[in-house]
Amino acid sequence: MASVLELAKQITGEVIAPLAAEIDRTKRFPKEAFKAFGKAGLLGLLVPQEAGGLGGTLEDLVAVTETIAESCGSTAMCYLMHSCATMVVAAKANEDQKERYLRPIAEGMKIGTLAFSETGTGAHFYTPEIRAALDEDTFVLNGRKSFVTNGDHADFLLVLTNAPTADKGLNMFIVDRDTPGVRFEGEWNGIGLRGNNSISLVMENVRVPHAQLVGAEGDGMGLIFEVVAPFFILGVSGVNVGLARGAYLTALQHAKTRKYADGRSLADIQAIQFYLSDMFGAVEAASLFARNASKAAIEGQEDAVLRVMQAKVLASESAIKVTNLAMQVCGGQGYTQQLPVERYLRDARAGTVMAPTTEVLKEWVGKSVAGIPLF
Ligand SMILES: Cc1cc2nc3c(=O)[nH]c(=O)nc-3n(C[C@H](O)[C@H](O)[C@H](O)COP(=O)(O)OP(=O)(O)OC[C@H]3O[C@@H](n4cnc5c(N)ncnc54)[C@H](O)[C@@H]3O)c2cc1C
C-alpha cells in the first residue's frame, strides 16, 4: 500500500501543511483537505474494494493518520473519525447500506463520524444513557451527544444508544444529518485540535427506520470492542505519534539553524543533544509499538487487545513529553506562534483525555497482564 501513503504524503504537503496554522487560528473545519481526500479516493481508504474503496487495513490507517498529524492534528483527527465511522458501516453493511453509504464514501461524496459520548457517560462512552424507543417498526431517538468531531460537516453519524428493551443491549444507528429532528449546538473551543469541530448533536424525536441499524439489534457492544476499538485506539495513536514527530522535526531543524554569536548552534550544546535523543527515541518507540500492535490485531494474535490498548497509552503520553521537550529546545521562540511547536503541544494534550482515557486504559492493561477480567 505504498501508494496510499504516498498519496497521503502528497496531499499533506500540498494542501494540509500550508493551511494548518490558519485552521488552528480560525478554528475552522479542514474542508480543503477533505475535498482532496475525496478526489484521491482516500475517504474510502477502509471501504472494501467490492464497494469501490481502496480496501485498506488498520496498518494503513495508522500510517496515514501519522502522516497527516505530522503537519495538522485537527485534520488528522477529523479524518480518523470519518474512517472509524466508515469501518463501522463496512463491518456489517447489507447491500442497501453498501450502495447508500460505502459507495458514496469511496466516491468522495460522504463524510461520517462517531456520536458516542454523552455528558453523563464521559470516559465510559460504551455505557450510553440514551435509549432508543420503538414506534411500530421505527426507532425514535431523543437526547444529546457531546464531543461529535466533524459535527455538522458530517453527512452521517454513527449513533450509539441502548436498545428499546434492556435485554437487547446496545444499538448502533446510521443517522443522516438531514433527518428531521437532528441539529447541532455549540462551538468547539478546545485548547488544541481547534479545527476538529467537535460539537454537540441534539436529537428530538428523530425517526430512524430499521434500514439504518448497523447489523442486528444488540450488535452495538460488539461493534465498539471489535471494530471501533482497534481502529480508533490505533488511529489516535497514529495521530499522537505524528504530532510528536512533527514537534521533534521542528525542534531538530531549529536546533541546527539557530546560531549564537560565537558560531555555535543550539545543536552543539550537550543539554540540547540529550533532549534530541529523548525525543527521537520516544517518537520511534511509540511509532513502532503502534505498528506492531496493528499487525498483531490484523493477524489476530492472542495478546493483540493488550498491545492495542498500550499503544495509545504510549503514543499519547509520548506526544505530551516530546512536544514539551520540543518547546524547551526552541525556548522563547517555541512559546510563540513563530514556530508550530506550541500548536503541536496544545494538540497533543487531547490524546490522554480522549476515551478510552489513559487512566481507563492503564486499568485495563494492568488487569490484562495480571489475568484479571476487565469487567
Ligand atoms: C478533541 C476531542 C474530540 C472528541 N471527539 C469525539 C467524537 O468524535 N465522538 C465521541 O463520541 N466522543 C468524542 N470525544 C469525547 C471523548 O472521547 C471522551 O468521551 C470525553 O473526552 C470524556 O470527557 P469527560 O470530561 O466527560 O471525562 P470524564 O468522564 O469526566 O473523566 C475525567 C477524568 O476522570 C478519569 N476517570 C473517569 N472514570 C475513571 C475511572 N473509572 N477510573 C479512572 N479514571 C477515571 C478520566 O480518565 C479523566 O481523566 C472527543 C474528545 C475530545 C477532547
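Where an unreviewed UniProt entry is consulted, the chain appears under the name Acyl-CoA dehydrogenase, with the organism given as Collibacillus ludicampi. One UniProt comment on the chain, placed under Cofactor (unreviewed entry), says "FAD". One UniProt comment on the chain, placed under Sequence similarities (unreviewed entry), says "Belongs to the acyl-CoA dehydrogenase family."

A. View of the sheet that holds strand S1 (residues 112-115). Spatially, S1-S4-S5 is the arrangement adopted by the 3 strands of the open sheet, whose pairing is mixed. Of all the strands in the sheet, just S1 and strand S5 (170-176) have a single pairing partner and so form its edges. In this sheet, adjacent strand axes meet at a mean angle of 25 degrees when their direction is disregarded. Lying on the sheet, helix H6 (residues 220-257) is in contact with S1, strand S4 (156-162) and S5; it crosses S5 at an angle near 80 degrees.

B. Representation of helix H7 (residues 270-299). With 30 residues, H7 extends 43 Å between its outermost C-alpha atoms, agreeing within 8% with the 44 Å of an ideal straight helix rising 1.5 Å per residue. What H7 keeps buried is the set Ile272, Leu276, Met279, Ala282, Val283, Ala286, Ser287, Ala290, Ala293, Ser294 and Ala296. The inward-facing, buried residues of H7 abut helix H3 (58-69), H6 and helix H8 (304-335). Phi for Gly300, located one or two positions after H7, is positive at around 65 degrees.

C. Examining the UniProt feature "domain: Acyl-CoA dehydrogenase/oxidase C-terminal" (unreviewed entry) in the chain more closely. Those places that UniProt annotates as "domain: Acyl-CoA dehydrogenase/oxidase C-terminal" (unreviewed entry) correspond, in this numbering, to residues 236-369. From the first C-alpha to the last, residues 236-369 spans 23 Å; its make-up is 78% helix and 0% strand.

D. Main features of empty space enclosed by the protein. Overall, the coordinates contain 1 cavity of 30 Å³ or more when judged by the stated rule. Put simply, the largest cavity is a space of about 40 Å³. Val15, Ile16, Leu19, Ile23, Pro30, Lys31, Glu32, Ala33 and Thr75 together form the lining of the largest cavity. Here the lining of the largest cavity gets 4 residues from one element, more than from any other, and that element is helix H1 (residues 2-26). Of the residues in the lining of the largest cavity, the class split is 6 nonpolar, 1 polar and 2 charged.

Definitions and cut-offs
Residues numbered from 1 in each chain as written. Predicted model: local features only at pLDDT ≥ 70, side-chain atom pairs only at ≥ 80, totals over all residues. Heavy atoms only, no water. UniProt positions renumbered as here; feature names shortened; annotations may be inferred. Pairing = 2+ DSSP bridges. Helix = DSSP H or I, 4+ residues; strand = E, 2+ residues; numbered from the N terminus. Axes fitted to C-alpha atoms, helices over the stretch in contact; angles between N-to-C directions. Contact = heavy atoms within 4.5 Å. Expected span 1.5 Å × (residues − 1). Buried < 20%, exposed > 50% of the residue type's maximum accessible area, 1.4 Å probe, protein only. 1 Å grid on protein atoms, 1.4 Å probe; cavity = no way out; pocket = protein on both sides within 12 Å on 5 of 7 lines; lining within 4 Å. Points joined across faces, edges and corners; volume = space filled by probe spheres on them. Nonpolar A, V, L, I, M, F, W, Y, C, P; charged D, E, K, R; others polar.

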